[in-house]
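A look at the structure
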Amino acid sequence: MGKDGFRCVECNEKAPELHRDYSNGILKITICESCQKPVDKYIEYDPVIILIDAILCKTQAFRHILFNTSLNIQWKLCVFCLLCEAYLRWSLLHGTEQSSDPADIIRYTKEWEFYGMFGLAALELSAFCVAVLLFLMVVVGGLQGATLDLRLLLRALLLSCYGKVLLIPAVIWEHDHSPLCLGLIKMFVLTSNSQAIRVILNSSRRLSLLAVCVGLLSETCVAQASEKLLWSAQDILTFD
Ligand SMILES: [Zn+2]
């Protein structure tokens, strides 16, 4: 991190450092010049406490993770979440189709269906991110004239999708998940997304919620369109 690369987790003011290392082995937490509180109290905290505060969507915890750490696992996390989502969709697809024909079971094991689901999940996530970023570029960059760090925003969006990891229990206990449970996971991920946008832009809650809604709309449209495309492709294949 360069000079002023850090932020005070309490007031969002820029700070040159989080702590000062004195040569005799004494570390002292930097106090924010603006609010007179520690710049980042979380550097002393256990990662579990930070995670709990992030789950509770606390602004301070989000500022700590997004500004004051160099956590760079967003792409790995993204692929991992997409794999979980793909497997869940793939198993749901087969759970609804009841067939006693053994040939069908062989057909179901075809890997390309799983990769297809992975591709679809990736496409929907891309549609979400692109729509959110475009919306923010127009509203914040265009209308308000502020500069947007798209790389930082994308990292925040991908990292705040960590709630999708909750799909793992749904994957493990394949038949125990309900639409309500999946809906709650979706709500949690969207709330985290909204909080991440709010923290990065230091904007109002309304703007970040609006951006997430635009993203969700785009994601739903892409999902509907690809579903229709798949159905028509399936129709053509079965007619042959
Ligand atoms: Zn401060």
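Since the model is a prediction, treat every value here as computed from it, not as a measurement.

**Here's the deal with the packing of helix 5 (residues 111–143) against helix 6 (residues 150–159)**
- In contact at an axis separation of 11 Å, helix 5 and helix 6 are set at 140° when each is read in the N-to-C sense. Accordingly, the angle class assigned to the pair helix 5 and helix 6 is oblique. When the axes of helix 5 and helix 6 are compared, the crossing they make is right-handed. In this structure, helix 5 uses Cys 129, Val 132, Leu 133 and Leu 136 to contact helix 6, whose residues at the interface are Leu 150, Leu 153, Leu 154 and Leu 157.

**Describing unusual backbone geometry**
- Although it is not a glycine, Gln 36 sits at a positive phi angle of roughly 60°.
- Here Gln 36 shows up in the loop between strand 4 (27–29) and helix 1 (47–55).
- Phi angles above zero are rare outside glycine, and Asn 202 is one such case at about 50°.
- Its place among the elements puts Asn 202 in the loop between helix 8 (179–201) and helix 9 (205–239).
- For Asn 202, a count of 12 C-beta atoms within 10 Å corresponds to the exposed category.

**Quick look at the UniProt feature "transmembrane region" (unreviewed entry) in the protein**
- Cross-referencing UniProt, the feature "transmembrane region" (unreviewed entry) maps to residues 112–140 and 152–172 in the present numbering.
- Strand forms 0% of residues 152–172 and helix 67%; the C-alpha atoms that close the span are 33 Å apart.

**Let's talk about helix 8**
- The first and last C-alpha atoms of helix 8 sit 33 Å apart over 23 residues, in line with the 33 Å expected at 1.5 Å per residue.
- Along helix 8, the positions that sit buried rather than exposed are Val 189, Ser 192, Asn 193, Ser 194, Gln 195, Ala 196, Ile 197, Arg 198, Val 199, Ile 200 and Leu 201.
- Positive phi shows up at Asn 202, right after helix 8, with a value of about 50°.

**Considerations on the nonpolar core**
- If you look at the biggest cluster of nonpolar residues, it comprises 41 residues, and the most contacted ones within it are Phe 62, Leu 66, Val 132, Ala 156, Leu 157, Ala 196 and Ile 200.
- Among the secondary structure elements, those contributing two or more residues to this core are helix 2 (59–68), helix 3 (74–96), helix 5, helix 6, helix 8 and helix 9.
- When residues of this core are assigned to their parent elements, the largest contribution, 10 residues, is made by helix 5.
- Setting aside residues no more than four positions away along its own chain, Phe 62 makes contact with Ala 54, Gln 195, Ala 196 and Val 199.

**Considering the environment of Glu 33**
- Structurally, Glu 33 is set in the loop between strand 4 and helix 1.
- What makes Glu 33 exposed here is the crowd of 12 C-beta atoms within 10 Å.
- Along the chain, Glu 33 and Ala 15 lie 18 residues apart, while their C-alpha atoms are 8.5 Å from each other.

Thresholds, definitions, all that
Residues numbered from 1 in each chain as written. Predicted model: local features only at pLDDT ≥ 70, side-chain atom pairs only at ≥ 80, totals over all residues. Axes fitted to C-alpha atoms, helices over the stretch in contact; angles between N-to-C directions. Helix = DSSP H or I, 4+ residues; strand = E, 2+ residues; numbered from the N terminus. Parallel < 35°, antiparallel > 145°, perpendicular 65-115°, else oblique. Left-handed = near helix turned anticlockwise from the far one by under 90°. Contact = placed C-beta atoms within 7 Å. Buried ≥ 20, exposed ≤ 12 C-beta atoms within 10 Å, placed from the backbone. UniProt positions renumbered as here; feature names shortened; annotations may be inferred. Expected span 1.5 Å × (residues − 1). Core = buried A, V, L, I, M, F, W, Y, C linked by C-beta atoms within 7 Å.

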